[in-house]
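# Chains, contacts and geometry: an overview
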Amino acid sequence: MTGDETRGPAPLPERDRAVLAVERRAWPGPGAKERAIREQLGISPVRYYQLLNSLLDDERALAHDPVTVNRLRRVRDARRERR
């Protein structure tokens with residue numbers, strides 16, 4: 001063994017952890033979340049949701065925040081079933 005096999009997956013990047021943190025919060029009303037996305041992450045809401053959707057398929061995200069990722073996977077799956 002070279003040692004690489006024992007390290008496990010690379011840690012989740014800071015930006016991805018920040019996206020999950022935004023999604024974990026409860027938001028008081030319309031527009032508050034989108035404003036926070038722009039101010040805290042410096043990206044558009046469209047880009048945020050693209051990143052978030054890709055995180056749902058990332059095992060590192062699941063390991064980092066299983067409650068949030070599993071909740072969002074259930075929501076995504078329910079939407080797909082309705083189509």
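I will try to describe carefully the structure that is included in this document. (Residues numbered from 1 in each chain as written. Predicted model: local features only at pLDDT ≥ 70, side-chain atom pairs only at ≥ 80, totals over all residues. Heavy atoms only, no water.)

## Brief notes about the packing of aromatic side chains
Taken as a whole and assessed by the stated rule, the structure comprises 1 aromatic pair. Judged by centre distance (4.9 Å) and plane angle (85 degrees), the rings of Tyr48 and Tyr49 are edge-to-face. Take Tyr48: its relative accessible area is 0%, and that puts it in the buried class. For Tyr49, a relative accessible area of 35% translates into the label partly exposed. Sitting above the plane of the Trp27 ring, Arg25 keeps its charged end 3.9 Å from the centroid. (Phe/Tyr/Trp six-rings, centres within 6.5 Å; stacked < 30°, edge-to-face > 60°. Buried < 20%, exposed > 50% of the residue type's maximum accessible area, 1.4 Å probe, protein only. Lys NZ or Arg CZ within 6 Å of the ring centre and 35° of its normal.)

## A few points about the nonpolar core
Core analysis: the biggest nonpolar cluster contains 16 residues, and Val19, Leu20, Leu41 and Tyr48 have the highest contact counts within it. Of all the secondary-structure elements, those providing two or more residues to this core are helix H1 (14–24), helix H2 (32–41), helix H3 (45–55), helix H4 (59–64) and helix H5 (66–82). Discounting chain neighbours no more than four positions away, the residues touching Tyr48 are Val19, Val22, Glu23, Lys33, Ile37, Leu41 and Ile43. (Core = buried A, V, L, I, M, F, W, Y, C linked by side-chain atoms within 4.5 Å. Helix = DSSP H or I, 4+ residues; strand = E, 2+ residues; numbered from the N terminus. Contact = heavy atoms within 4.5 Å.)

## Brief notes about the side chain of Lys33
Structurally, Lys33 is set in helix H2. A distance of 2.8 Å separates polar atoms of two side chains, one belonging to Lys33 and the other to Glu23. Filtering out sequence-adjacent residues up to four positions away, Lys33 remains in contact with Val22, Glu23, Trp27, Tyr48 and Tyr49. (Polar contact = N/O pair within 3.5 Å; in protein donor to acceptor, adjacent residues only side chain to side chain.)

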